[in-house]
Amino acid sequence: MANRKDSRNRVLRNGETERKDGRYVYRYTDQKTGKRKNIYAKDLPELREKEKAVNADINDNIRTDGNLKKLTVNSLFQNYLETKEISESTLAGYRSTWKNHVEDSIGQYKAVNVLPSDIKKLYSGLSQKGLAKNSIRRIHNLIRPALEMAVDDGIIRRNPAKSVWKDYGREPEEKKALTVGQQKQLMEFVKSDSRYKRYYPMLTVMLGTGVRCGELVGLTWDDVDMGKKEIHIRHTLIYKNFGNGMEYRISTPKTKSGIRTIPMSDKVYNAFIQQKQLNAMSGKDRNSFEVGGCRDFIFITRTGRPFLMTSVNKLLAHIASAMDMENPGNPFPSISAHTMRHTFCTRMAENRMDIKVLQKVMGHANVTITMQTYTHVADSSRIRDEFDRIDELAVDF
């Protein structure tokens, strides 16, 4: 069979054709769909460059569907979320993070056009805005698997996010617990201050149990067994935008370790009694507000609704500011719900609670997390305490 040639006497390969208008076309079969497809060019060299790209995609099992080539990173992320089995709360958190940091930047790029440098620029920009290293890492942990799924699906050849990670972002601030003196100072102030004394029972529970903020505000009277002096942590209360505006939701802990029973100390037991009395005095002892089948929340606002986690943190910030105003020469450290939790954990470590017991009480999935508190304690006062204890033993060397 004679070779086919174009108008310039150049030999045409299989699938190549010169049209009457002088344009060139290459016809091939999509291996995945079985459909015939065409690519066009103004001249033969341009056509062969396009052929080369198409055949490289076919050889590498990359899908050549035009619609797939138009997929944006935002679309890939949505597809990725649809493959995940995660709680509504986690899903809402992922979407919020994406919307705030990715959606209007590389999220709008076509996935096939994203370069590693595009992702590096994104992370660098977020770092310059002051985002912490852990925050940028969370963003990276959404972008990378979404693009990796596109690799697995044959949409892109390689993952541009795979090798770009480095230590972007500011270093996280060291978690600092209140000292014993600061803890005592805080509670004495709250107990005596007319504005804040009604929160004394709630702060006592926080410092006496180490519960997470969502667990605290989600506590109902059904979760508290006053007879056995036990607190049953079975859920957390969240307030987020799940797609239809801000709303309360009851969520189960992320891991099995989050479901736990915490014994009450006498101080915590008395705090619950005081809180019940406060609720009764305000007419909110049997509040009717219900979320996901849960009602009779323990720590409630004047409206009868449970506290928001953000409200608890704002309250603690206001208390610290009030203490500063009362004693400007001795500023009190900033505090949050996590500070209270970390303070409880530190007190237990200082008193040498068994690490596995403390892990259980804190609801840590991994003992390494609990161990970090012991390490911090050992790096400070515990070293001197241990040497003093050796002196007391009067051991002869």
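Residues numbered from 1 in each chain as written. Predicted model: local features only at pLDDT ≥ 70, side-chain atom pairs only at ≥ 80, totals over all residues. Heavy atoms only, no water.

A separate point is the overall build of the protein. Looking only at helices and strands, the protein has 15 helices and ten strands in total. Taken over 397 residues, the protein has a buried fraction of 39%. Taking as baseline every contact in the protein between residues at least 6 positions apart, the subset at least 24 positions apart corresponds to 58%. Of the roughly 23200 Å² of accessible surface on the protein, a fraction of 48% belongs to carbon and sulfur atoms. (Helix = DSSP H or I, 4+ residues; strand = E, 2+ residues; numbered from the N terminus. Buried < 20%, exposed > 50% of the residue type's maximum accessible area, 1.4 Å probe, protein only. Contact = heavy atoms within 4.5 Å. Areas by Shrake-Rupley, 256 points an atom, 1.4 Å probe, with all protein chains shown as cover.)

Relative to the 20 Å expected for 14 residues at 1.5 Å per residue, helix α12 (residues 337-350) spans 20 Å between its end C-alpha atoms, a close match to the ideal helical length. In terms of burial, α12 is largely enclosed, as eleven of its 14 residues are buried. Taken together, the buried positions of α12 are occupied by Ala337, Thr339, Met340, Arg341, His342, Thr343, Phe344, Cys345, Thr346, Arg347 and Ala349. Following α12 by one or two positions, arginine 352 has its phi on the positive side, about 65°. (Expected span 1.5 Å × (residues − 1).)

Leu186, Met202, Leu203, Phe272, Phe299 and Ile319 are the most contacted members of the largest nonpolar core, which totals 52 residues. Listing elements by their share of this core, those giving two or more residues are α7 (180-192), α8 (200-209), α9 (213-217), β5 (230-233), α10 (266-281), α11 (309-326), α12 and α13 (355-362). It is α11 that provides the largest number of residues to this core, a total of seven residues. When neighbours within four sequence positions are excluded, phenylalanine 299 is seen to be in contact with Pro201, Met202, Val205, Leu216, Leu219, Phe272, Gln275, Arg305, Pro306 and Phe307. Listed in part, the 30 residues of the second largest apolar core include Val73, Tyr80, Ala146 and Val164. (Core = buried A, V, L, I, M, F, W, Y, C linked by side-chain atoms within 4.5 Å.)

Here the focus is the packing of α7 against α11. The N-to-C vectors of α7 and α11 enclose an angle of 90°; their axes lie 11 Å apart at closest approach. By the angle class used here, α7 and α11 are roughly perpendicular. Counting all contacts with α7, which are made through Gln185, Leu186, Phe189 and Val190, the residues of α11 involved are Ile319, Ala322, Met323 and Glu326. Its residues placed into classes, the contact of α7 with α11 shows six nonpolar, one polar and one charged. (Axes fitted to C-alpha atoms, helices over the stretch in contact; angles between N-to-C directions. Parallel < 35°, antiparallel > 145°, perpendicular 65-115°, else oblique. Nonpolar A, V, L, I, M, F, W, Y, C, P; charged D, E, K, R; others polar.)

Our next topic: the pattern of salt bridges. Opposite charge on two side chains permits them to pair, given that their charged atoms come into close proximity. Throughout the structure, instances matching the rule amount to twelve salt bridges. The residue arginine 195 makes a salt bridge to aspartate 193 at a minimum N-O spacing of 3.1 Å. Each of Arg212, Glu215 and Arg260 takes part in salt bridges that share partners, so that together they form one network. (Salt bridge = Lys/Arg side-chain N within 4 Å of Asp/Glu carboxyl O.)

Each strand in a sheet pairs with its neighbour through backbone hydrogen bonds, running either in the same direction (parallel) or in the opposite one (antiparallel). The strand order across the open sheet formed by three strands is β1-β2-β3, and the pairing between neighbours is antiparallel. At either margin of the open sheet sits one strand with a lone partner, and together these are β1 (16-18) and β3 (36-41). This sheet shows a mean twist of 25° between the axes of neighbouring strands, independent of strand direction. Two strands pair when backbone bridges link them, and β1 and strand β2 (residues 24-29) are joined in this way by three bridges, in the antiparallel orientation. Bridging from a neighbouring strand, glutamate 16 pairs with tyrosine 26 of β2. (Pairing = 2+ DSSP bridges.)

What follows is about the sheet that holds strand β8 (residues 260-263). Spatially, three strands are ordered β4-β5-β8 in an open sheet, and the strand pairing comes out antiparallel. Lying at the two open borders of the sheet, with one neighbouring strand each, are β4 (224-225) and β8.

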